[in-house]
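# Analysis of the macromolecular model
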Amino acid sequence: MMFGKPRSSINPMAEVWIPEALSNQASFYGMLSYAAAHLAHLHGQDSGIRGTIYKNRAIASIQRLLDNDRTTLSDSTVAAILRQISIEVRSTALVMTYS
């Protein structure tokens, strides 16, 4: 086989998401905001103060990346923006489903 033997299991969270989240501040705060919102949801609460704090930090970090000419179009900036969009979409879907 051209690409070698296929792996029996792939763990995208451990192999892609966590290393990417740890690679830049915006992605890290995005992951924390999603985790806080998810935990609050499991306990029947809104996203809570902690989730809002992390979300604000993620957005501020993204803004700093966009303001810097060297990082405006970098892969990590695009990844952070897409992660934040996916968090917003998922959070909105959860609110709409359980309202």
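Here the structure is a predicted model, which means the values were calculated and not measured.

## Structural notes on the overall build of the chain
A tally of helices and strands in the chain yields four helices and zero strands. What you see in the chain, going N to C, is helices and strands ordered as α-α-α-α. Within the chain, the proportion of its 99 residues that are buried is 23%. Sequence-distant contacts in the chain: of pairs separated by 6 or more residues, those separated by 24 or more amount to 54%. A total accessible area of about 7400 Å² is found for the chain, and carbon and sulfur atoms account for 62% of it.

## Considerations on the side chain of S27
The topology assignment puts S27 in helix α2 (residues 25-42). Residues in contact with S27, not counting those within four places in the same chain, are E20, A21, S76, A80 and R83.

## Examining the pattern of salt bridges
What the rule picks out here adds up to one salt bridge. For E88, the salt bridge goes to K55, with nearest N and O atoms at 3.2 Å. Highlighted residues: E88 in helix α4 (residues 75-98) and K55 in helix α3 (residues 48-67), separated in sequence by 33 residues.

## Some points on the confidence of the model for the chain
A residue-level look at the chain finds 83% of positions with pLDDT of 70 or above and a mean pLDDT of 81. The spread of mean pLDDT over the elements of the chain runs between helix α1 (residues 12-23), the lowest at 76, and α3, the highest at 92.

## Brief notes about the layout of surface pockets
In this structure, the second largest pocket encloses a volume near 250 Å³. Lining the second largest pocket we find M13, W17, A21, M31, Y34, A35, R83, S86, I87 and R90. Secondary-structure elements contributing two or more residues to the lining of the second largest pocket are α1, α2 and α4. Take the lining of the second largest pocket: its biggest share by element is four residues, from α4. Each residue belonging to the lining of the second largest pocket can be placed in one class, and the counts come to seven nonpolar, one polar and two charged.

## Regarding the packing of α1 against α2
Two elements in contact, α1 and α2, have axes whose closest approach is 5 Å; the angle formed by their N-to-C orientations is 125°. Taken together, the axes of α1 and α2 lie oblique to each other. Where α1 approaches α2, its residues I18, E20, A21 and L22 are matched on the opposing element by S27, F28 and M31. Residues belonging to the contact of α1 with α2 are distributed by class as follows: five nonpolar, one polar and one charged.

## Description of the packing of aromatic side chains
Enumeration over the complete set of coordinates arrives at two aromatic pairs. Their ring planes at 20° and their centres at 6.2 Å tell us that Y29 and Y54 sit as a pair that is stacked. Placement of the pair is Y29 in helix α2 and Y54 in helix α3, with a sequence separation of 25 residues. The class for Y29 is buried, based on a relative accessible area of 16%. Every member of this aromatic cluster is reached through a ring pair, and the members are F28, Y29 and Y54.

Criteria and cut-off values
- Residues numbered from 1 in each chain as written.
- Predicted model: local features only at pLDDT ≥ 70, side-chain atom pairs only at ≥ 80, totals over all residues.
- Heavy atoms only, no water.
- Helix = DSSP H or I, 4+ residues; strand = E, 2+ residues; numbered from the N terminus.
- Buried < 20%, exposed > 50% of the residue type's maximum accessible area, 1.4 Å probe, protein only.
- Contact = heavy atoms within 4.5 Å.
- Areas by Shrake-Rupley, 256 points an atom, 1.4 Å probe, with all protein chains shown as cover.
- Salt bridge = Lys/Arg side-chain N within 4 Å of Asp/Glu carboxyl O.
- pLDDT = per-residue confidence, 0-100.
- 1 Å grid on protein atoms, 1.4 Å probe; cavity = no way out; pocket = protein on both sides within 12 Å on 5 of 7 lines; lining within 4 Å.
- Points joined across faces, edges and corners; volume = space filled by probe spheres on them.
- Nonpolar A, V, L, I, M, F, W, Y, C, P; charged D, E, K, R; others polar.
- Axes fitted to C-alpha atoms, helices over the stretch in contact; angles between N-to-C directions.
- Parallel < 35°, antiparallel > 145°, perpendicular 65-115°, else oblique.
- Phe/Tyr/Trp six-rings, centres within 6.5 Å; stacked < 30°, edge-to-face > 60°.

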